[in-house]
Amino acid sequence: MTAPPSPGARRSGAASMLGATIAVLVLGGLVTALEGDLRRFVANVGVMLLAAGGGLGCWRAAVRTVGRTRLGWVAMAFACWAWAAGQAAWTVYEDLLGIISPYPSLADAGYFGFAVLAIVGLVFITPPESGLATPRRVLDALIVGIAIGLLAWMTALESIIENTGGTFLRAAFSITYPVADIAMLTISMLTIAQTRTAPLRWLVLGAGVLAMAVSDTAFAYMVAEGSYVTGSVIEWGWRSAFGFIGAAGMLVTRADLVADVAPKQRSATPVSVLPYIPLTAAVIGAAAKTATVGVGIVDVVMLLLLVLLVLLRQYLTVRENLQLTRTVQQREVQLHRLAFHDALTGLANRALFLDRLGHALELASRTPQQVSVAFIDLDGFKAVNDTLGHASGDTLLALVADRLRDALRASDTLARLGGDEFAVLLEQGGDPSTVAHRLLEALEEPFHVEGRTVTISASIGVATQEPDIADAPVLAGPAKAAALLHRADVAMYAVKTSGKGDVGAHSAAAESNGLRPHGRHHRPVLDGAFAAALDRGEVYPIYQPVVEPTTGRIAALEALARWTHDGESVPPSTFIPICEAAGLSQQLTALMVEKACAQLAAWNRRLGHQRLRIAVNINPQELSDTGLPDRIASAIARYGLASGQLALEMTENSVGNRPDTTIDVMTRLRVCGVRLALDDFGTGYSTLARLARTPVDTVKIDQFFVAHIDHDERQRRFLRGMLDLTRHLGLRTVAEGVERPGQLRELRRQGCDLVQGNLVGKPQPASKITPLVLAENPVVQAHILGLPDTTFPALRTGQLTRPGFAP
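The sections below set out a description of the structure shown in this document.

Cut-offs used in this document
Residues numbered from 1 in each chain as written. Predicted model: local features only at pLDDT ≥ 70, side-chain atom pairs only at ≥ 80, totals over all residues. Heavy atoms only, no water. Phe/Tyr/Trp six-rings, centres within 6.5 Å; stacked < 30°, edge-to-face > 60°. Helix = DSSP H or I, 4+ residues; strand = E, 2+ residues; numbered from the N terminus. Buried < 20%, exposed > 50% of the residue type's maximum accessible area, 1.4 Å probe, protein only. Lys NZ or Arg CZ within 6 Å of the ring centre and 35° of its normal. Axes fitted to C-alpha atoms, helices over the stretch in contact; angles between N-to-C directions. Parallel < 35°, antiparallel > 145°, perpendicular 65-115°, else oblique. Left-handed = near helix turned anticlockwise from the far one by under 90°. Contact = heavy atoms within 4.5 Å. Nonpolar A, V, L, I, M, F, W, Y, C, P; charged D, E, K, R; others polar. Pairing = 2+ DSSP bridges. Expected span 1.5 Å × (residues − 1).

**As for the packing of aromatic side chains**
Describing an aromatic ring pair means giving the distance of the ring centres and the angle of the ring planes.
At step 1: Inspection of every chain in the model, using the stated rule, returns 12 aromatic pairs.
At step 2: Between phenylalanine 78 and tryptophan 81, the ring centres sit 5.4 Å apart and the planes meet at 80 degrees, which makes this aromatic pair edge-to-face. Residue phenylalanine 78 and its partner tryptophan 81 are located together in helix H3 (residues 67-96), separated by three residues, close to a single helical turn.
At step 3: Phenylalanine 78 sits in the partly exposed class, given a relative accessible area of 42%.
At step 4: The interplanar angle of 20 degrees and the centroid separation of 5.7 Å between the aromatic rings of phenylalanine 705 and phenylalanine 718 together place this pair among those described as stacked. Remark: phenylalanine 718 occurs in helix H23 (residues 713-728) and phenylalanine 705 occurs in the loop between strand E14 (698-701) and H23; sequence separation between them is 13 residues. Comparing phenylalanine 705 with phenylalanine 718, the two get one shared label, buried.
At step 5: Looking at arginine 239, its charged tip hangs above the ring of tryptophan 236, at a distance of 5.2 Å from the centre.

**Thoughts on the packing of helix H19 (residues 585-607) against helix H20 (residues 628-638)**
At step 1: Two elements in contact, H19 and H20, have axes separated by 10 Å at closest approach and are oriented at 20 degrees. Between H19 and H20, the crossing angle belongs to the class labelled roughly parallel. By crossing handedness, the relation of H19 to H20 is classed as right-handed. Residues Gln586, Val593, Glu594 and Cys597 of H19 pack against Arg631, Ile632, Ala635 and Arg638 of H20.
At step 2: Per-class residue counts for the contact of H19 with H20 are four nonpolar, one polar and three charged.

**Details of the sheet that holds strand E6 (residues 457-465)**
At step 1: If you walk across this open sheet you meet the five strands as E2-E3-E1-E6-E7, and the pairing is mixed. Of all the strands in the sheet, just strand E2 (413-418) and strand E7 (503-505) have a single pairing partner and so form its edges. In this sheet, neighbouring strand axes are inclined to one another by 20 degrees on average, regardless of whether the strands run parallel or antiparallel.
At step 2: Of the pairings in the sheet, the one linking strand E1 (residues 371-379) to strand E3 (residues 421-426) comprises six bridges and is antiparallel in character. Paired with phenylalanine 375 across the two strands is alanine 423, which belongs to E3.

**As for H3**
At step 1: Spanning 30 residues, H3 covers 42 Å between terminal C-alpha atoms, matching the ideal 44 Å at 1.5 Å per step.
At step 2: Phi turns positive, to about 70 degrees, at glycine 98, one or two residues after H3.

**Focus: helix H9 (residues 276-292)**
Note on helix geometry: an α-helix contains 3.6 residues per turn, so any two residues three or four positions apart are oriented the same way.
At step 1: Along its 17 residues, H9 runs 24 Å from first to last C-alpha, staying within 8% of the 24 Å computed at 1.5 Å per residue.
At step 2: The positive-phi residue at the C-terminal boundary of H9 is glycine 294, with phi of around 90 degrees.

Listed below in structure tokens is the structure:
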């Protein structure tokens, strides 16, 4: 969808449509009231002026657009003026020379010019699409037009022209007008049905084309049988046509000066079979005529054209499918590469590290092989980032990665887990502490970053999987890998708390002391407290907006669970593992769904509509619970929510290796009207083929793939591939982690459906975010979206009170 027009643009468009309506009615009234030569003269000149006025409306649209859209409106303007020129010639014949206009005549050159230029204009105005979709749409239009033209010829026009002694040229023009009009009408219908771009403008434009088609078809019949008289009722169609076309041009706003945005295609609709209906009818009609009276030269020519067009369309379809298959294969390879490697350093990322660690542990369970992990956290990196900036921080991380890589063996796996955290997998034996000290020594030499000397160290924790670890036989592969990495993390945290810049090995004492990275809470204390808080309903949601990048308005909100214990906020990274370990995920989901639905119902009542959506995160394991759909359906019914208002989000890993019951549960949730979203898309193990078979309707692109799109061309290209693939799969996209205006503008340019991140809205309690929700104003300023400042006047008049978005 495009950015909504400003109130000024809406008033201008409404005034234009009103003016066009008045002009059409006044002309019709005059023609009806007058008689004789004056009536004919007013009818001819009036419709000529309306055509010229329609061209001016299209020219105004051309001035307000750019690129291929501008060319399209220019073609439409010249199409209207060509028709006006043809009408001027017709007027000369009838009113100045006093003769009946011959058919065909010089006037028909102008009328035919309208048809050709209008088709060209519609093709260029149609939103740009990837692949061969636009040529295929044009072929569809021509197939429909020629098929219906052939039917018209066989059923009526042929006999009329034969009875009146018409020539072949007369027959050709009689068919050309309806064929061209039907082609234009088909392009308009397919655009309305298959895109979400400017629906009102296309409806008005389509109405103009429809009115033209009706009048042209009637004109062809009446001229063929010699019954056409200037001022007849069929001219209402021409008058209305140019009124609609001019009004459509006036609906174009300054917001369309922004570069073309990738279209959001709808999934396949019944209109996709439109070309085959008249084609089938034409073939049946031709066969029947051949069996009875035989076919003539016109029939043969039109049938040959249909055959050639159908063959060309099938060729384009096969070619596009081959291109799509190659693109899917290439993108999947790229996606796999980027999903398992860190873009900044080229190292393995957390997903690949855990995968390799899991395989190493599985192998170690069958052989007496020791597996160790070193967890590395840089000391002082935040100060470097704050002092020299993020770009210098990224440079330093890349240099650190090179140093660490050089200090390791080829058989060791080095990964960047995120931020300034690294991990090393040691599979070939040896003392892990010795390796860790070697890594510390590699960091002793100062780094040179953009002309400055930077000294940095690290705290390293090591943990080893020994045969006698008690939990080894119990945990599955992924859980065992996560547990070993966690123990190395705990050991690293112990080093951090005791002075930094050293190596520490994991010990049971550190675990029993409740040491946890990034928190000061003790696990045994929190376990009972969280369960009690859940029973009392003290875990509460806060809401983060999900915004349309084309309008800046809130389309949905994500409910995020929060918990405060003893006056201190406990991060989800601490209490969610507690919840999962204690088997309380179902209870947490039920509480979040209940509170989110209640809040959404309250917003629905005050908004007066049910367009707002809300999303709740669930544990993937709950998808195997066959009772989940019934509980969710009960909550939806209890609060009177509309279908599609509630969404459930699950991580991408939940679609991998899923049992059949998971698919059944997800399908039943969809039947209940629940949207299903795949969170952190691109970071898990799912393939595109598996994704295509999963009943989800939305994917949330992980912030990893969005982080550098405003300055990294490689990541921009990769994002473009992900968006193209999700569109072909019929999925909506939400980009997470949008922090900078450049990211937002790039996502808008590439046609991402929705965005989420601190730039467009931070998580807030319901009491604070309710005014924003109820205002229904854009929550992002126009210039941040890359739109003219006049697009959202509310932002200039102070109707939106968001201090974080002041220029």
